[in-house]
Amino acid sequence: MSTVLLRRANQHLLGIETLSALDIRQILARARILRDAPEQVHGVMAGVPVITLFYESSTRTRVSFEMAAQKLGASTISISASSSSVTKGESLWDTGRTLASMDPGVIIIRHSSPGAPQLLAEAMESVGNGAAVVNAGDGAHEHPTQALLDALTLLDRLDSLEGRTIGIIGDIAHSRVARSNLFLLRKLGARVLLGGPRSLVPKTLEPLGARIVRDVDEIIEVADAVMMLRVQFERMQGPPAFPSLSDYTRTYGLTAARARRMPPQAFVMHPGPMNRGIEIDPEVADGPTSVVAHQVRNGVAARMAVLERAMDVDGWSSSKDL
Ligand code: NCD
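Parameters and conventions
Residues numbered from 1 in each chain as written. Predicted model: local features only at pLDDT ≥ 70, side-chain atom pairs only at ≥ 80, totals over all residues. Heavy atoms only, no water. Helix = DSSP H or I, 4+ residues; strand = E, 2+ residues; numbered from the N terminus. Expected span 1.5 Å × (residues − 1). Buried < 20%, exposed > 50% of the residue type's maximum accessible area, 1.4 Å probe, protein only. Contact = heavy atoms within 4.5 Å. Domains from an automatic or database assignment. Buried area = accessible area lost by both parts, 1.4 Å probe. Polar contact = N/O pair within 3.5 Å; in protein donor to acceptor, adjacent residues only side chain to side chain. Pairing = 2+ DSSP bridges. Axes fitted to C-alpha atoms, helices over the stretch in contact; angles between N-to-C directions.

Overview of helix α1 (residues 21-36)
So, point 1. Spanning 16 residues, α1 covers 22 Å between terminal C-alpha atoms, matching the ideal 22 Å at 1.5 Å per step.
So, point 2. Of the positions making up α1, those classed as buried are Ile-24, Gln-26, Ile-27, Leu-28, Ala-29, Arg-30, Ala-31 and Leu-34.
So, point 3. Where α1 is buried, its residues meet α5 (144-157), α6 (176-187) and α11 (292-310).

Description of the environment of Leu-245
So, point 1. Counting through the fold element by element, Leu-245 comes out in helix α8 (residues 245-252).
So, point 2. Sequence spacing of Leu-245 and Val-231 is 14 residues, and the spatial spacing of their C-alpha atoms is 9.8 Å.
So, point 3. Each residue touching Leu-245, except ones within four places of it in the same chain, is listed here: Phe-233 and Ile-278.

Notes on the domain arrangement of the chain
So, point 1. For the chain, the domain assignment lists domain 1 (21-142 + 299-315) and domain 2 (144-296).
So, point 2. Relative placement of domain 1 and domain 2: their C-alpha centres are 26 Å apart.
So, point 3. Counting residues at the interface gives 28 residues for domain 1, matched by 26 residues for domain 2.
So, point 4. When the two sides are added together, the surface that domain 1 and domain 2 hide from each other amounts to roughly 2100 Å², 59% of it contributed by carbon and sulfur.

Brief notes about the side chain of Thr-165
So, point 1. The topology assignment puts Thr-165 in strand β5 (residues 165-169).
So, point 2. Thr-165 sits in the buried class, given a relative accessible area of 6%.
So, point 3. Reaching out from Thr-165, the side chain makes a polar contact with the side chain of Arg-191 at a distance of 3.1 Å.
So, point 4. With residues up to four places along the chain from it excluded, the contact list for Thr-165 reads Arg-191, Leu-193, Val-222, Ala-223, Asp-224 and Ala-225.

Considerations on the sheet that holds β5
So, point 1. Across the sheet, which stays open at both edges, the five strands sit in the order β7-β6-β5-β8-β9 with parallel pairing between neighbours. The open sheet has two edge strands with one neighbour each: β7 (210-212) and β9 (267-269). Strand-to-strand, the axes of this sheet are offset by a mean angle of 25°, without reference to chain direction.
So, point 2. Taken together, the five bridges between β5 and strand β6 (residues 191-195) define a ladder with parallel strand orientation. Looking across to β6, one finds that Gly-167 is bridged to Leu-193.
So, point 3. Along the sheet, α5 contacts β5, β8 (225-228) and β9; its crossing angle with β9, the most-contacted strand, is approximately 170°.

Structure below.
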């Protein structure tokens, strides 16, 4: 193994919107190798500090990033807003400059404000630090590694996304998962159908290439895969977005009866956390058409590939097979 593997190249991952289809294919190809050929996993990040800076709750995303970093040999340091100087009023800008001065390799950030990862990257660059920033979810903006692990999962079942139909159903308005998936799926040639209550499916996503379908049964009957999303009550203000939870489940939830209308090979995805009995029936969530556990498993591999890219390990972006 070369000793000059780690070159600081500021390979931030702030969103899917700015990636090309080739970038996406390269990350997915590398993730597949790291998952399927463990002998390809080297401690290329040995001695590199990776910081997870989470201003919002997380279970799977944080653990998955930390596991991915540790598998590559990195040492992980986790900071939660509740136990950091944020509680003393420190700005993200100052936090970024402080952390940058300690010269980490990668900072992974989750924040409730759209654009926070970009601001952090600018703060770090302002002290001349070359660490990469990876977005682990910024408000309702983007969640790029979720879209990458979802694509990996889709492509494990479908040879290509070209011409395939993917349904995304639920609270699209508050979902960074929906936005990142929409960008990615369109870049890889899929047709994206969005469904959910009028108040939670913004028309502004149509110019990005999505089609809004009012009757979710029409989506479920044709989609190769459906992604069910949680209603994000914590991001809502003002009057309720729909009359009651039971109305929501009846009209938009993936009930067992509705799931029986899916085409024979179709499958069900969910980024988690699930609200069982609201957007998805427990029988469906744990049933044979669900690939939820597989999504979580793929998350570690997708994030390993993202971390390698962030560190420009071995100039990998120019050398990956597609
Ligand atoms: C999602 C998130 O945080 O954006 N979860 C995740 O990262 N897997 C979706 C959600 O909170 O509903």
